[in-house]
Amino acid sequence: MKKLNFTVYENQYIIITKKSKNKSKNFFRSVDNMSKKRLASRVQRTAQSGLGNIFANGQTELISFAAGLPDTGSFPKAALKQAFDQVFDNDNGETLQYHDSLGLLPLREKLADRLTKQGTPTKTAELMLTQGAQQGIDLVARLVLNKGDGLVVEAPTYIGALANFDAYEPTYHEVNMEPDGMNITQLQKVLLQHDVKLVYTIPDYQNPTGAVMSLAKRQALLELANRYNFIILEDSPYRELCYNGHLLPTLRSMDTEGRVISLGSFSKILAPGLRLGWLNADAELFQDIVALKAGLDVETPNLIMQGVNTYLDTNNLDAHIQSINKVYQEKMTFMLQCLQRELPAGVTYTKPTGGFFIWLTVPDNIDLGQLLTDRMLPEGHVSYVPAKNLYPSKAVHNQARLNFTNPSLADIQTGIHRLSEILADTIASKRPSYAFSNK
Ligand SMILES: Cc1ncc(COP(=O)(O)O)c(C=O)c1O
């Protein structure tokens, strides 16, 4: 097989695409040439976040389980096109005009109504539109974190949240993930010893483990928030991607003291290219967040808000979600079957019931980051996200995230076969180059 073209910058796994090749090179060259003294200290950590690019394309042989992308075929292109056409056809001069920092009122009303019907009572006046849940994370970090402030994150957690938090230079406290959510005993210990201002959690189909936080843990987390006076950021973009089983109440719906700020997103249920999400918080915190949003980007793009609002007027979002959930359930089940059939002894993986990801654990003498660059990419032509950058401490090396929603069934079969072969060979040969090292 042909060798693939990829590059490692500062331990980031950047698969160079034809389009990005020159851009990336120039970017890194210009940063190198610039005196580091001219840059803010926050850049030091953010630049090593590993978020970089985990995209695979332009390389026909590469099968990527790395990026958390929806199935491209799931996007309701025709319906969205029709909705955006309608926006322009009915334009009264406002479509391309500035709007306001809260976002388009009819869309906020629809979302508040939808969330309320789904069991999280939501006031339109306390719901704003954001440029994806990612911007919601940033707004909350801006709201709460001064340099050095205590921040609890699940370990492992969403790489993009860490890339954002890094810029605020918090003091991280990792709390390990368990099959039913974060380890509450460990959280209690952290709270006894440290002043924590913010706890970031992904309670539904967590990225990267796929775990769902149990009801008991949701209750315990809220009790601890009340006792130790911290804010909870509930980031739940996968909540509606529920393939079997049932949903538990949101933390926001169980909150009695206005401590939970919740985030949602159209990225996984409609299309990430829209860059549209929402944030919901009690009035007091909400006012400050709206002011921060005004200073950040003024507002969410009016055209996008109008287009999605019209889409919702003329389409059944629930039916759309049901149809993509069928596709995702099939892919998830298939990947789990392939893993069960192909993986060598000593490798374990989570069995999620929703979301986008399966979490792989190999014997702890194997560094999956090193193995990715040394063999998986050049030889196996297969990729995943190694654990290292999903822990602020960067201390874990023998785990990796696999995405099952984006690859085709055929690619899942071939990719898991290639990955398993290399893992089996590595475990059998116990090559010293993959021995755990704390780099
Ligand atoms: C847990 C989590 N939060 C937030 C985001 C960002 O989503 P959005 O596209 O809505 O900005 C992602 C994207 O993968 C995610 O996994």
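As shown above, the structure is provided for reference.
Residues numbered from 1 in each chain as written. Predicted model: local features only at pLDDT ≥ 70, side-chain atom pairs only at ≥ 80, totals over all residues. Heavy atoms only, no water.

What about the environment of Leu187?
Here comes step 1: Here Leu187 lies in helix 7 (residues 184-193).
Here comes step 2: With a relative accessible area of 0%, Leu187 lands in the buried category.
Here comes step 3: The spacing of Leu187 and Glu154 is 33 residues in sequence and 9.6 Å in space, taken between C-alpha atoms.
Here comes step 4: If sequence neighbours within four positions are ignored, Leu187 has contacts with Val152, Val175, Met182, Val199, Leu221 and Leu224. (Helix = DSSP H or I, 4+ residues; strand = E, 2+ residues; numbered from the N terminus. Buried < 20%, exposed > 50% of the residue type's maximum accessible area, 1.4 Å probe, protein only. Contact = heavy atoms within 4.5 Å.)

Some thoughts on the packing of aromatic side chains
Here comes step 1: One pass over the full model with this rule turns up 7 aromatic pairs.
Here comes step 2: With centroids separated by 6.5 Å and ring planes inclined at 75 degrees, the aromatic side chains of Tyr243 and Phe404 adopt a geometry described as edge-to-face. Of this pair, Tyr243 sits in the loop between strand 9 (231-235) and helix 9 (251-254) while Phe404 sits in the loop between strand 16 (399-403) and helix 14 (409-429), placing them 161 residues apart in sequence. Phe404 matches Tyr243 in its accessibility class, with the two residues each being buried. (Phe/Tyr/Trp six-rings, centres within 6.5 Å; stacked < 30°, edge-to-face > 60°.)

Focus on the sheet that holds strand 15 (residues 385-386)
Here comes step 1: Taken in spatial order, the 4 strands make up an open sheet running 12-13-16-15, and their pairing is antiparallel. Taken across any chain shown, the strands that pair with only one partner, and hence form the sheet edges, are strand 12 (348-349) and strand 15.
Here comes step 2: Relative to strand 16, strand 15 is paired through 2 bridges, and the arrangement is antiparallel. Looking across to strand 16, one finds that Pro386 is bridged to Ala400.
Here comes step 3: Against the sheet, helix 12 (residues 317-342) makes contact with strand 12, strand 13 (357-361) and strand 16, and its axis sits at roughly 15 degrees relative to strand 13, the strand it touches most. (Pairing = 2+ DSSP bridges. Axes fitted to C-alpha atoms, helices over the stretch in contact; angles between N-to-C directions.)

Focus: the site of the ligand
Here comes step 1: Around the ligand, a shell composed of 14 residues is seen, among which Ala133, Asp235, Tyr238, Ser265 and Ser267 lie nearest.
Here comes step 2: With respect to the ligand, the side chain of Ser265 contributes an N or O atom lying 2.5 Å from an oxygen atom.
Here comes step 3: Broken down by element, the shell around the ligand gets its largest block of residues, 3 residues, from helix 5 (residues 132-144).
Here comes step 4: Partitioning the shell around the ligand into residue classes produces 6 nonpolar, 5 polar and 3 charged. (Near = heavy atom within 4 Å. Polar contact = N/O pair within 3.5 Å; in protein donor to acceptor, adjacent residues only side chain to side chain. Nonpolar A, V, L, I, M, F, W, Y, C, P; charged D, E, K, R; others polar.)

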